[in-house]
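Structure assessment
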Amino acid sequence: MNKPVMPASSLSLKLPTADGKLETYRLAASRSFPSRLEGTLNRVAFSAAHVVSNPLADVDPWLTAAVDWDKTIAFREHIWDLGLGVAEAMDTAQRGMGLDWPTSLELIQRSVRAAKARGGALVFSGAGTDHLATEDAKSLDDVIHAYEHQIAAIEKAGGRIILMASRALAKIARSPDDYARVYDRVLSQVGEPVIIHWLGDMFDPALAGYWGAANLGKAMDTAVAIINANAARVDGVKISLLDKQREIDMRRRLAGGVKMYTGDDFNYAELIAGDDNGYSHALLGIFDAIAPAASYALSRLAASDAQGFHDVLGPTVPLSRHIFKAPTRFYKTGIVFMAYLNGHQDHFTMVGGQESTRSTLHLAELFRLADQAGLLANPELATRRMKAMVGVRGIEA
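Right, let's get into the overall build of the protein chain. What the protein chain contains, in helices and strands, is 15 helices and 10 strands. A compact globule built from 397 residues would reach a C-alpha radius of gyration of about 21 Å, and the protein chain, at 21 Å, matches this within 12%. Oriented by its inertia axes, the alpha-carbon framework of the protein chain measures out at about 60 × 50 × 45 Å. Buried residues in the protein chain amount to 55% of all 397 residues. Taking as baseline every contact in the protein chain between residues at least 6 positions apart, the subset at least 24 positions apart corresponds to 70%. Treating the 42 positive side-chain charges of the protein chain as one cloud and the 45 negative ones as another, the clouds have centres 2 Å apart.

This is the structure we're talking about:
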């Protein structure tokens, strides 16, 4: 159970405000959550986990990914301790956005080995077509073969599949039938049921018009038809459109036994709680940043304590909406900054140099919202690190 709220905090620091001035921000009352799952869960919940960069590697960060493997796997151990699954090598890990396929495969192999060493901790891994440059994709068969290549490599490692959206398919497909041909062929060969990921163009502009239509209603018709036609080979679908009503509409149309995994980092609390007609499971990037609170909230939900669930998870939503605000594709910077504030890594350096994609003002507001939601695991450490960050950006403590 989370510890009682303390009366006040004596910690403070100077932070920038939207009007270009500085304020002395005093931290809110502290709150902490268990570091391990207490109780059980009645939702399947994945954290799409980030990778920890190696800041001391002699590489050009924009060109070459250098991963701190020990810290990266340690973070996955933290996720598993909390009873959550790891969605490996997804966009949160900067897949196709700094992390190439060979490095992604090494990450998957290491994660699968670590999960097996724990007696089978939950991990599914992204299989896509990112080793096939979009300009080199000349036919649907090229896309199919690219999917087959990655699926074979992951299954050889003993991993389960998340079938990621394909930039190459988005580029060359001319109709919904082209999507059906590719997905039907690929799904016919998988060893175990997969999770299909529909990633919206707010996360990756190259995926605009996925499923063969710019109109999301028509795109959903195609996606549902493909998924339901292959229901025996589909564990579930993760929808990342940041549109709660479309998610609800889609989950009501899925064949029996096919799960809906919310990817809505704006509305996840109410979607997981559900309604009289059903609920969503979770596969979320924000669960990387808020894993202890998410685990505790989900355990309260499983214990029929809906109020406790909302009391914990509700205050995390403003932070998530801030981290995932447009341009949404830069959300990974906020995720890694949270890991830095909470001591999961000793630096704020990212694959691809993406620590530069958000402003000082953005990170200052992130700090405020994380504090107000009780998400700073060690407020003293977080404050010290925040002071260091704003210090190198011209703000003296």
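Moving on to the pairing of strand β4 (residues 85–88). For a regular strand, side chains alternate in direction, first toward one face of the sheet and then toward the other. Residue alternation in β4 divides its side chains into two sets, Gly85 and Ala87 and Val86 and Glu88, and both sets are buried. Direction of pairing for strand β3 (residues 45–48) relative to β4: parallel, over a ladder of 3 bridges. The residue of β4 that forms the bridge with Ser47 is Val86. The parallel pair β3 and β4 is bridged by helix α1 (residues 69–81), and the resulting crossover is right-handed. Sheet analysis places β4 next to strand β5 (residues 123–127), joined by 3 bridges and oriented parallel. Bridging from a neighbouring strand, Ala87 pairs with Phe124 of β5. The parallel pair β4 and β5 is bridged by helix α2 (residues 101–117), and the resulting crossover is right-handed.

Overall, the coordinates contain 17 aromatic pairs when judged by the stated rule. On the basis of an interplanar angle of 80 degrees and a centroid distance of 5.2 Å, the ring pair of Tyr210 and Trp211 is categorised as edge-to-face. The class for Tyr210 is buried, based on a relative accessible area of 3%. Since its relative accessible area comes to 1%, Trp211 is described here as buried. Residues Tyr340 and Phe348 carry aromatic rings whose centres are separated by 6.4 Å and whose planes lie at 20 degrees to one another, so their mutual orientation is stacked. As far as the burial class goes, Tyr340 and Phe348 line up, both buried. One aromatic cluster is present, formed by Tyr147, Tyr179, Tyr183, Trp198, Tyr210 and Trp211 through successive ring pairs. Geometry around Tyr279 places Arg43 over its ring, the cationic atom sitting 3.5 Å from the centre. Over the aromatic face of Phe330 sits the side chain of Arg329, whose NZ or CZ is 4.8 Å from the ring centroid.

Calculation criteria
Residues numbered from 1 in each chain as written. Predicted model: local features only at pLDDT ≥ 70, side-chain atom pairs only at ≥ 80, totals over all residues. Heavy atoms only, no water. Helix = DSSP H or I, 4+ residues; strand = E, 2+ residues; numbered from the N terminus. Rg over C-alpha atoms; globule rule 2.2 N^0.38 Å. Buried < 20%, exposed > 50% of the residue type's maximum accessible area, 1.4 Å probe, protein only. Contact = heavy atoms within 4.5 Å. Lys, Arg positive; Asp, Glu negative; His and termini not counted. Charge placed at Lys NZ, Arg CZ, Asp CG, Glu CD. Pairing = 2+ DSSP bridges. Right-handed = clockwise from strand over helix to strand, strands pointing away. Phe/Tyr/Trp six-rings, centres within 6.5 Å; stacked < 30°, edge-to-face > 60°. Lys NZ or Arg CZ within 6 Å of the ring centre and 35° of its normal.

That is the geometry; function is a separate question.
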